[in-house]
Amino acid sequence: MAVEAIWDGDTSGWFVVLLAVTAEPAEESVLATITWSSAERYLGEGADRGGRYPMAVVAERVGGALADRLGVPFHFASPDDPDDEAPRWKPDRGAARE
């Protein structure tokens, strides 16, 4: 149904989790965990991120590309600021869910 990126790890350092959200069965499966160091390796040291967290840049690139390839929506409610309470994707409308 969707590919979603969410922030996690506010007690141990922030990272982004990419999820596959499915309808049948209704569940979420972790596709990848994107840490600062793995994002830096992917982007290349010194890459221009526009002042953004490297994990968010990678999540948008990879998650967006995967969603496009699968023909499903991509959702990342808070790409510029780590927020583990940001609204989640809502399957019935493709909008955010609480």
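In the block above lies the structure referred to throughout.
Let us look at the structure shown here. (Residues numbered from 1 in each chain as written. Predicted model: local features only at pLDDT ≥ 70, side-chain atom pairs only at ≥ 80, totals over all residues. Heavy atoms only, no water.)

Take the packing of aromatic side chains next. According to the stated counting rule, one finds four aromatic pairs in the structure shown. With 6.1 Å between their ring centres and 85° between their planes, Trp36 and Tyr53 make a pair best called edge-to-face. Here Tyr53 lies in the loop between α1 (36–43) and α2 (54–70) and Trp36 lies in helix α1, a separation of 17 residues in the sequence. Note on Trp36: relative accessible area 42%, which makes it partly exposed. Taken together, Trp7, Trp14, Trp36, Tyr53 and Phe76 form an aromatic cluster joined through their ring pairs. (Phe/Tyr/Trp six-rings, centres within 6.5 Å; stacked < 30°, edge-to-face > 60°. Helix = DSSP H or I, 4+ residues; strand = E, 2+ residues; numbered from the N terminus. Buried < 20%, exposed > 50% of the residue type's maximum accessible area, 1.4 Å probe, protein only.)

On the surface, a cluster of negative charge is made up of Asp8, Asp81, Asp83, Asp84 and Glu85. Relative to the assigned elements, Asp8 resides in strand β1 (residues 2–8). Judged by relative accessible area, Asp8 falls into the partly exposed class, the value being 35%. (Patch = residues over 30% accessible without salt bridge, like charges linked within 9 Å, V, L, I, M, F, W, Y side chains within 5 Å. Areas by Shrake-Rupley, 256 points an atom, 1.4 Å probe, with all protein chains shown as cover. Salt bridge = Lys/Arg side-chain N within 4 Å of Asp/Glu carboxyl O. Lys, Arg positive; Asp, Glu negative; His and termini not counted. Charge placed at Lys NZ, Arg CZ, Asp CG, Glu CD.)

The next thing to look at is α1. Ala39, Glu40 and Leu43 are the residues of α1 that are buried. The buried side chains of α1 occupy one side of the element, clustering within an arc of 100° when seen end-on. Its buried side turned inward, α1 meets β3 (27–34) and α2. Positive backbone phi, at 95°, marks Gly44, one or two positions downstream of α1. (Arc of directions from axis to C-beta. Contact = heavy atoms within 4.5 Å.)

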